[in-house]
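The residues making up each chain are set out below.
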Amino acid sequence: MKARQYINMMGMAAAVLLSSCVKDTLYDTPHPDKGAVTVILTEVSAEDDYALDIDGQTADITGSPFTYPDLLAPGTYRMVIYNLVEGFTFDGRTARVNVHTDGTSVIPLPGYLKTVSQEITVTADDTLRVNAVPVQRVRDLQFELEVTQGRPELIQSVTATLSGIAGIFDMEKGQTIGEPTSTVFSFTRDGSKLTADARLLGTMGSVQTLVLDIVFTDGGRTQRTEVNLTEAMKDFNGDMTTGYRITGTLETPVGMEESKGEITGWEEVDAEDVDVTL
């Protein structure tokens with residue numbers, strides 16, 4: 001009798017152990033049915049504020065590494081990261097350069113927009129770690145004009161209108177969209193030299209035109225000079241991280257109420273400089 005009782009107790013213990021093994025499934029994370037996404041940002045400024053968009057749901061990035069606050073079902077997603085830079089209005093995955101108060105042209109110096117867009121695959125019971133390097137999407141443009149003829153000291157103001165540029169950026173596709181727009185900015189005079197700066201998403205359309213409206217101090221005399229910069233800016237949409245510089249000469253002959261200039265020749269000095277004659 002005692003021997004049979006001993007065998008029954010052993011059988012019961014084995015059954016309990018087998019039952020425990022079946023129920024206690026081991027998982028790698030606290031979220032066995034979903035996955036997490038952690039982003040590590042590199043080559044970014046500590047002062048920049050970035051946002052992370054996964055399939056239309058956006059979260060502000062508060063540090064690096066940053067874990068997206070929502071767990072995701074297994075599958076493929078489109079991830080977009082961008083900095084909330086001044087000078088742009090963000091609508092979903094679209095960034096628009098802010099417009100002037102007149103509503104017809106964009107501001108000439110928006111901030112340095114940087115974005116990255118890529119497809120990610122989320123796995124259940126795992127954390128996906130993504131190394132992201134945002135790419136600069138705007139390029140600096142510098143003008144430097146040497147005033148010839150006339151008396152440059154009589155120049156009171158120079159207002160420039162540059163048309164044939166982009167004003168909207170699709171952050172998901174990584175390209176400019178929409179219709180060509182224009183921007184308005186002013187030149188500063190130092191002796192016989194006129195300089196101006198702009199920052200653009202890029203050129204757009206078949207023609208880029210620069211119109212200079214010059215006001216002189218002698219009796220309200222004005223001069224309008226219109227220049228086709230299409231050829232001079234043909235390489236502008238290349239490396240956005242290097243400045244693009246256009247230099248040239250501007251004629252302001254005395255006694256002309258209005259004149260119209262054109263490019264009579266241009267020479268690409270290097271990757272950052274283009275010489276033109278206005």
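Given the structure is predicted, the values throughout are model-derived calculations rather than measurements.

Engineer: I keep staring at the sheet that holds strand S9 (residues 126–132) and nothing clicks. Help me out?
Structural biologist: What holds strands together in a sheet is hydrogen bonding between their backbones, with the strands either parallel or antiparallel. The three strands are arranged S4-S1-S9 in an open sheet whose pairing can be described as mixed. At either margin of the open sheet sits one strand with a lone partner, and together these are strand S4 (66–67) and S9. Both strand S1 (residues 35–41) and S4 contribute to a ladder of two bridges, which runs antiparallel. Considered in S4, the bridge of valine 39 is made with phenylalanine 66.

Engineer: Before we go on, may I ask you to explain the sheet that holds strand S7 (residues 94–97) in this structure?
Structural biologist: Sheet architecture is open: four strands sit in the order S6-S7-S13-S14, paired in antiparallel fashion. Only two strands of the sheet have a single partner each, and these edge strands are strand S6 (88–91) and strand S14 (175–177). Geometrically, the sheet is characterised by an average inter-axis angle of 30° between neighbouring strands, direction not taken into account. As judged from the three bridges shared by strand S13 (residues 168–170) and S14, these two strands associate in the antiparallel manner. Within the sheet, the bridge partner assigned to isoleucine 168 lies in S14 and is isoleucine 177.

Engineer: Can you help me understand the packing of aromatic side chains in this one?
Structural biologist: Both the distance between ring centres and the angle between the ring planes are used here to describe each pair of aromatic rings. The tally for this structure, following the rule as stated, stands at six aromatic pairs. Taken together, a centroid distance of 5.9 Å and an interplanar angle of 15° make the contact between phenylalanine 143 and phenylalanine 185 stacked. Linking phenylalanine 143 in strand S11 (residues 139–148) with phenylalanine 185 in strand S15 (residues 181–186), this pair joins segments that are 42 residues apart in sequence. Relative accessible area serves as the criterion here: at 3%, phenylalanine 143 is assigned to the buried category. Relative accessible area serves as the criterion here: at 5%, phenylalanine 185 is assigned to the buried category. Between phenylalanine 185 and phenylalanine 187, the aromatic rings sit 6.0 Å apart at their centres with planes inclined by 40°, giving tilted as the arrangement.

Engineer: Looking at this structure, how should I read the side chain of threonine 203?
Structural biologist: Note that threonine 203 resides in the loop between strand S17 (193–200) and strand S18 (209–216). Look at threonine 203 and you get buried, because its relative accessible area is 14%. Apart from residues no more than four positions distant in its own chain, threonine 203 is found in contact with Gly164, Ile165, Ala166, Gln208, Met233, Phe236 and Asn237.

Engineer: Explain the pairing of S18 here, please?
Structural biologist: Regular strands show a simple pattern: their side chains alternate between the two faces of the sheet. Of all eight residues that make up S18, six are buried, and the element is covered over most of its length. In terms of strand pairing, S18 meets strand S19 (residues 222–228) through seven bridges, oriented antiparallel. Across the sheet, valine 215 pairs through a bridge with threonine 222, a residue of S19. Where S18 folds back on S19, the antiparallel hairpin that results is connected by five residues, among which glycine 219 adopts a positive phi of roughly 70°.

About the criteria used
- Residues numbered from 1 in each chain as written.
- Predicted model: local features only at pLDDT ≥ 70, side-chain atom pairs only at ≥ 80, totals over all residues.
- Heavy atoms only, no water.
- Pairing = 2+ DSSP bridges.
- Helix = DSSP H or I, 4+ residues; strand = E, 2+ residues; numbered from the N terminus.
- Axes fitted to C-alpha atoms, helices over the stretch in contact; angles between N-to-C directions.
- Phe/Tyr/Trp six-rings, centres within 6.5 Å; stacked < 30°, edge-to-face > 60°.
- Buried < 20%, exposed > 50% of the residue type's maximum accessible area, 1.4 Å probe, protein only.
- Contact = heavy atoms within 4.5 Å.

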